[in-house]
Amino acid sequence: MGQIWEEHIHNKLIELEKIILPKYREESKKKRDERKIDYALYEKEFKRRIKRAIKTLTPITNEAVCGLNFYRGRGAKPSIKVNERLKLILIHQLFGKSNRNMANMLLLFSLMTGIDTGYKSIERLYSDLETEAALFNLLVLILKKKKVIEIDCCGDGTGYSLFISKHYLSEVNKLKDNVKEQDQKDEKKAFVFKFALMDIKTRMYVCYGTSLRSEKDAFNKAMSMLKKLDISLKSLRLDRYYSNPSDVKLFPNTKVYIIPKKNAGLGHGDAWLNAMKSFVEDTLNHIDEYFQRVNSETGWAQDKKVFGWKVSQRRLDRIDTALFCRVIWHNLFYLN
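### Some points on the side chain of His286
Here is step 1: Note on placement: His286 falls in helix H11 (residues 283-290).
Here is step 2: A distance of 2.7 Å separates a polar atom in the side chain of His286 from the backbone oxygen of Ile258.
Here is step 3: Apart from the residues lying within four places of it in its own chain, the contact partners of His286 are Val256, Tyr257, Ile258, Ala275, Ser278 and Phe279.

Here it is as structure tokens:
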């Protein structure tokens, strides 16, 4: 086709809604039915991953902190070493216990971890800067071990409930994209938003962000984290919430697969033009690539199966650390 116009985009969107997507969904359903998922085998593999991750925990946390040195001024030094703090906070998230119950359970865990502490110390771990640095070092180490360098990736957001009475998925089904933002005047936020980029090949999270304001704010924080990592994106898949020229412009050297919104136009730079050309001129392949976003959705489902759909922490910094721990565990499940 060579040159495209806004009319081409709008016509292709009509064709997409009326013909391509219904046919694509029908064929996808047929493939799923033919595949017949063996749930018993899935559960067995799932448990194997968790078991291996737990066995890996001690050696990999020790490796992650071996090169870390922290400056401390006067005052009492922490009674728990940084590698022990790192291991403790990860165990706390995996078992999903309250701080007080977790402290009681540590009487049992002390045989395995050598750690004995109170519930207040556990809560303080979630705002401990040294523990946060160790978590980041651990993320980098895991990605290096898996050779995550130049990737084809997908990105998606989700929400975790801060109150038992609110369930994020139920609210999404009722309110659609309106649930992706919260009223800034409301101090009692119902959800924390989380966005993460996933490497499709390894199924590992590369970066993430959290926010009490909106999923877009979490996305922006994830992009800031990405800049701190020595990882480049070959291709990227984002849902329609991010089908904006300003979002695509963030990835000038990346092949971006999105479905444009109904009012999509042109004149927003080369990155946006290339994405629109791919959508118009190579639609079927573009849609195939776009729907690899399902990997992100599957990742969220697996995470919530392990950790549940709510977060017990209340301060934003501690909420962020809790969700960082879940990123680490997810990647540990796919390390071996």
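### Digging into the pattern of salt bridges
Here is step 1: Counted under the stated rule, the structure contains 17 salt bridges.
Here is step 2: A salt bridge links Arg318 to Glu123; the shortest N-O distance between them is 3.3 Å. With a gap of 195 residues between them, Arg318 in helix H13 (residues 316-333) and Glu123 in helix H5 (residues 119-125) connect regions that are remote in the sequence.
Here is step 3: For Arg315, the salt bridge is made with Asp317, and the minimal N-O distance between the two is 2.7 Å.
Here is step 4: Judged by relative accessible area, Asp317 falls into the partly exposed class, the value being 33%.
Here is step 5: Salt bridges sharing common partners tie together Asp156, Asp239, Arg293 and Glu297.

### Digging into the pairing of strand E3 (residues 204-211)
Moving residue by residue along a regular strand, the side chains alternate between the two faces of the sheet.
Here is step 1: Burial runs high along E3: 8 of the 8 residues are buried.
Here is step 2: Relative to E3, strand E2 (residues 191-199) runs antiparallel, the two sharing 7 bridges. Bridge pairing in E3 places Met198 opposite Tyr205.
Here is step 3: Hairpin connection between E2 and E3: a loop of 4 residues separates the two successive antiparallel strands, and Arg203 in this loop has a positive phi of roughly 65 degrees.

### Comments concerning the state of the cysteines
Here is step 1: Within the structure shown, the criterion is met by 0 disulfides.
Here is step 2: You can see Cys207 has no disulfide; the closest cysteine sulfur is in Cys153, sitting 7.9 Å from it.

### Things to note about the sheet that holds strand E1 (residues 150-161)
Here is step 1: Taken together, 5 strands build an open sheet; the order of strands is E3-E2-E1-E4-E5 and the sheet is mixed. Two strands close off the open sheet at either side, each with one partner strand: E3 and strand E5 (255-257). Here the average twist between neighbouring strands, direction ignored, is 30 degrees.
Here is step 2: As paired strands, E1 and strand E4 (residues 232-237) are joined by 5 bridges and run parallel to one another. Its bridge partner lying in E4, Cys153 is registered against Leu236.
Here is step 3: The strands touched by helix H8 (residues 215-226) within the sheet are E1, E2, E3 and E4, with E3 carrying the most contacts at an inclination of about 130 degrees.
Here is step 4: Docked against the sheet, H13 engages E1, E2 and E3, running at close to 165 degrees with respect to E3.

### A look at unusual backbone geometry
Here is step 1: In this structure, Lys147 takes a positive phi of about 55 degrees despite not being glycine.
Here is step 2: Unusually for a residue other than glycine, Arg203 sits at a positive phi of about 65 degrees.
Here is step 3: Structurally, the position occupied by Arg203 is in the loop between E2 and E3.
Here is step 4: By relative accessible area, Arg203 is classed as partly exposed at 32%.

### Regarding the packing of aromatic side chains
Here is step 1: Inspection of every chain in the model, using the stated rule, returns 8 aromatic pairs.
Here is step 2: A ring pair is formed by Tyr241 and Tyr242, whose centres lie 5.0 Å apart and whose planes are at 85 degrees; its orientation type is edge-to-face. For the pair shown, Tyr241 and Tyr242 are each scored as buried.
Here is step 3: A network of ring pairs unites the aromatic residues Phe195, Phe219, Tyr241 and Tyr242 as a single cluster.
Here is step 4: The lysine or arginine in question, Lys304, covers the ring of Tyr160, its NZ or CZ lying 4.9 Å from the ring centre.

### Looking at the packing of helix H3 (residues 82-95) against helix H6 (residues 129-145)
Here is step 1: At a minimum axis distance of 9 Å, the contact between H3 and H6 shows a crossing angle of 75 degrees. Considering their axes alone, H3 and H6 lie roughly perpendicular with respect to each other. Packed against H3, whose contacting residues are Val82, Arg85, Leu86, Ile89 and Leu90, the element H6 presents Glu130, Thr131, Ala134, Leu135 and Leu138 at the interface.
Here is step 2: Taken together, the residues of the contact of H3 with H6 break down into 7 nonpolar, 1 polar and 2 charged.

### Brief notes about the layout of surface pockets
Rolled over the atoms, a probe sized like a water molecule indicates the empty space that remains.
Here is step 1: Its boundaries defined by the atoms lining it, the second largest pocket holds a volume of some 290 Å³.
Here is step 2: Breaking the lining of the second largest pocket down by element, the ones donating at least two residues are H6, E3, H8 and H13.
Here is step 3: Of the residues assigned to the lining of the second largest pocket, the class counts are 5 nonpolar, 3 polar and 4 charged.

### Structural notes on the nonpolar core
Nonpolar side chains in soluble globular proteins generally cluster together in the buried interior.
Here is step 1: Counting residues in hydrophobic clusters, the biggest one holds 93 residues, and the most contacted among them are Leu90, Phe195, Leu197, Ile328, Trp329 and Leu332.
Here is step 2: If you tally residues by element for this core, the top one is H13, at 10 residues.
Here is step 3: If we ignore the near neighbours within four places in the chain, the residues touching Trp329 are Ala53, Ile54, Leu57, Leu90, Ile91, Leu94 and Phe307.

### Points about the environment of Arg293
Here is step 1: Structurally, Arg293 is set in the loop between H11 and helix H12 (294-307).
Here is step 2: Sequence separation between Arg293 and Tyr257 is 36 residues; the distance between their C-alpha atoms is 9.7 Å.
Here is step 3: A polar contact is formed between the side chain of Arg293 and the side chain of Glu297, at a distance of 3.3 Å.

Parameters at a glance
- Residues numbered from 1 in each chain as written.
- Predicted model: local features only at pLDDT ≥ 70, side-chain atom pairs only at ≥ 80, totals over all residues.
- Heavy atoms only, no water.
- Helix = DSSP H or I, 4+ residues; strand = E, 2+ residues; numbered from the N terminus.
- Polar contact = N/O pair within 3.5 Å; in protein donor to acceptor, adjacent residues only side chain to side chain.
- Contact = heavy atoms within 4.5 Å.
- Salt bridge = Lys/Arg side-chain N within 4 Å of Asp/Glu carboxyl O.
- Buried < 20%, exposed > 50% of the residue type's maximum accessible area, 1.4 Å probe, protein only.
- Pairing = 2+ DSSP bridges.
- Disulfide = S-S within 2.5 Å.
- Axes fitted to C-alpha atoms, helices over the stretch in contact; angles between N-to-C directions.
- Phe/Tyr/Trp six-rings, centres within 6.5 Å; stacked < 30°, edge-to-face > 60°.
- Lys NZ or Arg CZ within 6 Å of the ring centre and 35° of its normal.
- Parallel < 35°, antiparallel > 145°, perpendicular 65-115°, else oblique.
- Nonpolar A, V, L, I, M, F, W, Y, C, P; charged D, E, K, R; others polar.
- 1 Å grid on protein atoms, 1.4 Å probe; cavity = no way out; pocket = protein on both sides within 12 Å on 5 of 7 lines; lining within 4 Å.
- Points joined across faces, edges and corners; volume = space filled by probe spheres on them.
- Core = buried A, V, L, I, M, F, W, Y, C linked by side-chain atoms within 4.5 Å.

The analysis is restricted to geometry; functional conclusions fall outside its scope.
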